[in-house]
Amino acid sequence: MHKKLFIPGPVNVSEDVLQKMATPMIGHRTKAASILQKNISEKMMQLMYTKKQIMLSTSSGSGLMEGAVRSCTRKKAAIFSIGAFGDRWYKMAISNNVPADKFSSGWGKPTTPNMVDEVLSTGKYDLITITHNETSTGVMNPIEEISEVIKKYPEVIFCLDTVSSMGGTKIEVDKLGVDICITSTQKCLGLPPGMAICSISEKAIKSAKKVENRGFYFDLLEMYKYIQNKDHQYPSTPSLSHMFALDYKLDKILEEGLENRFKRHLEMAKYVRSWAKEKFELFADEKYASNTLTTVKNIRNISVSDLNNKLAKHGYMISNGYGDLKEKTFRIAHMADTTLDQIKELLSLIDKILNI
Ligand SMILES: *Cc1c(COP(=O)(O)O)cnc(C)c1O
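Residues numbered from 1 in each chain as written. Predicted model: local features only at pLDDT ≥ 70, side-chain atom pairs only at ≥ 80, totals over all residues. Heavy atoms only, no water.

Quick note on the threshold: UniProt positions are given in the numbering used here, feature names are shortened, and annotations may be inferred rather than shown by experiment.
As annotated in an unreviewed UniProt entry, the protein carries the name Alanine--glyoxylate aminotransferase family protein and comes from Crassaminicella thermophila. Per its UniProt entry, the protein bears the Cofactor (unreviewed entry) comment "pyridoxal 5'-phosphate". The UniProt entry for the protein carries the following text under Sequence similarities (unreviewed entry): "Belongs to the class-V pyridoxal-phosphate-dependent aminotransferase family."

**A look at the packing of helix α10 (residues 240–256) against helix α11 (residues 258–279)**
Put simply, the rule reads: Where helices are involved, their axes are fitted lines through C-alpha atoms of the stretch in contact, as for all axes, and angles between N-to-C directions lie from 0 to 180°. The way it works is that DSSP assigns letters per residue, a run of H or I at least four long becomes a helix, a run of E at least two long becomes a strand, and they are numbered from the N terminus. Oblique is the label for every angle not falling under 35 degrees (roughly parallel), over 145 degrees (roughly antiparallel), or within 65 to 115 degrees (roughly perpendicular). Working rule for contacts: check all heavy atoms of both residues, and any pair within 4.5 Å makes them a contact. Here the term charged refers only to Asp, Glu, Lys and Arg, the term nonpolar to Ala, Val, Leu, Ile, Met, Phe, Trp, Tyr, Cys and Pro, and the term polar to all other amino acids, Gly among them.
Close contact between α10 and α11 brings their axes to 5 Å; oriented N to C, the two are set at 85 degrees. Regarding the angle of α10 to α11, the classification is roughly perpendicular. Residues I253, L254 and E256 of α10 form the contact with α11, whose own contacting residues are L258, N260, R261 and R264. When its residues are assigned to classes, the contact of α10 with α11 shows 3 nonpolar, 1 polar and 3 charged.

**Things to note about the domain arrangement of the protein**
Using the following cut-off: For each domain, the first and last residues come from an automatic or database assignment. Accessible-area loss on putting two parts together, using a 1.4 Å probe and summing over both, is the definition of buried area adopted here. The salt bridge definition used is simple: a Lys or Arg side-chain nitrogen within 4 Å of an Asp or Glu carboxyl oxygen. Under the rule applied, a polar contact is a pair of N or O atoms within 3.5 Å (in protein, one hydrogen donor and one hydrogen acceptor; residues adjacent in sequence only if both atoms are side-chain atoms).
The domain architecture assigned to the protein consists of domain 1 (4–9 + 257–354) and domain 2 (16–254). Each of domain 1 and domain 2 has a C-alpha centre, and the two are 26 Å apart. Each partner contributes residues to the interface: domain 1 has 24 residues there, and domain 2 has 33 residues. Taken over both partners, the interface formed by domain 1 and domain 2 buries close to 2300 Å², and the fraction arising from carbon and sulfur atoms is 60%. Taken together, domain 1 and domain 2 are joined by 2 salt bridges. For K249, the salt bridge identified is with D337, shortest N-O distance 2.7 Å. Inspection of the domain 1/domain 2 interface yields 16 residue pairs in polar contact (both at pLDDT 80 or more). Here the side of domain 1 that touches domain 2 takes 5 residues from α11, the largest share from any one element. Class assignment for the residues of the side of domain 1 that touches domain 2 results in 12 nonpolar, 7 polar and 5 charged.

**Some points on the pairing of strand β8 (residues 157–161)**
Using the following cut-off: Throughout, exposure labels follow a simple rule: accessible area from a 1.4 Å probe, protein chains only, divided by the maximum for the residue type, with under 20% read as buried, over 50% as exposed, and the rest as partly exposed. Strands pair, by our definition, only if DSSP identifies at least two bridges between them.
Counting buried positions along β8 gives 5 out of 5 residues, so the element sits mostly inside the fold. Going residue by residue along β8, you find I157, C159 and D161 tucked away on one face and F158 and L160 tucked away on the opposite face as well. Summarising the sheet, strand β5 (residues 127–131) and β8 pair through 5 bridges and their orientation is parallel. In the sheet register, I130 faces β8, and the bridge partner there is L160.

**As for the environment of K310**
Relative to the helices and strands, K310 resides in helix α12 (residues 304–313). In sequence terms K310 and K187 are 123 residues apart; their C-alpha atoms lie 24 Å from each other.

**Quick word on the side chain of N141**
You can see N141 is positioned in the loop between β7 (139–140) and α6 (143–150). By relative accessible area, which is 4% here, N141 ends up buried. For N141, the side chain forms a polar contact with the main-chain oxygen of T131, separated by 2.8 Å. Apart from residues no more than four positions distant in its own chain, N141 is found in contact with I82, P110, T111, I130, T131, H132 and I146.

**Re the site of the ligand**
Applicable threshold: One heavy atom within 4 Å of a molecule or strand makes the whole residue count as near it. Using a 1.4 Å probe, the Shrake-Rupley method yields the accessible areas, and only the shown protein chains count as cover for residues.
As a structural note, the neighbourhood of the ligand is formed by 14 residues, with S60, S62, T135, D161 and K187 the closest of them. Between the ligand and G61 there is a distance of 2.7 Å, counted from an oxygen atom to a backbone nitrogen or oxygen. For the ligand, an oxygen atom lies 2.4 Å from a polar atom in the side chain of T135. Starting from 380 Å² of accessible surface for the ligand in isolation, the protein chains cover 92%. Counting only elements with at least two residues in the shell around the ligand, the list comes to α3 (61–72) and α4 (84–95). Among the elements that line the shell around the ligand, the one with the most residues is α3, at 3 residues.

Okay, here's the thing in structure tokens:
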């Protein structure tokens, strides 16, 4: 039996979108490919509230995260981590010989504007990475406040991980002054995994021009030049299947209406949060609780894997805690096409199974 996924990626993908993945191939150097890629860019610009260049990468989101920190750090990167995905960005820098320092908040806590100000005021850093929505802890960072501080340091390239939030909550890339904003297909966008998307500023491109060893496949400067000079084409063969599906799915997202979509996500988040507070506890500081997934503190000491096995019999799946938080927490995603009714069904089933 196919299970309904309430995990923070990959998410359920509707039948019509899956069908688009099966579109017959076109040549990747054809006019049709250029048009397809240009159409996707224009729609992504609306979703991301940006006029900057959009770039697609045939990889999951991690590919562009690695590409950003490697291609654009001249001196040193300041990596702010509030959990597993912030830590990952630090590992990417170090393993690429990119000088970097990591600044961690306790798990369940956000990055604060003060922390950012203190670190950037040293003048040691020319690139900063922030996790918008930390999928391990269910924390959504106060990005408006953080971005106000970053704006005081115009020489710093601002990279933002919105892998688990873009498409599920409003992120105004240009207003926030984000230089490289990264997401991928398998979370709030509601597509199969395998493609990453970013916006990139002129400032980030200028910075990349001063970096000598940018790697090859994830060299953001080469990618950018290709798109600009070759009518929206890409240096290597992209996953055209994802592009057919993404182009179609973005129409559906824009048809739903961005504000409606964000509202639907918020309603689900509020419902899951209040359930979590009644039956368990929230892991995140509630002020910073994510709109796209909820991490629940397992104060009842239930066996999360047992619960998931029982849910599986009914055709549902949730996520255990991430890494060290396994069994200590569990996660319920409320993203992409999921509806409030489906969330209600899931939670009442959990209540029944646990007899709570
Ligand atoms: C899932 C996720 C990633 C990794 O993205 P992939 O597409 O799996 O490479 C990075 N950051 C966050 C916040 C995520 O949720």
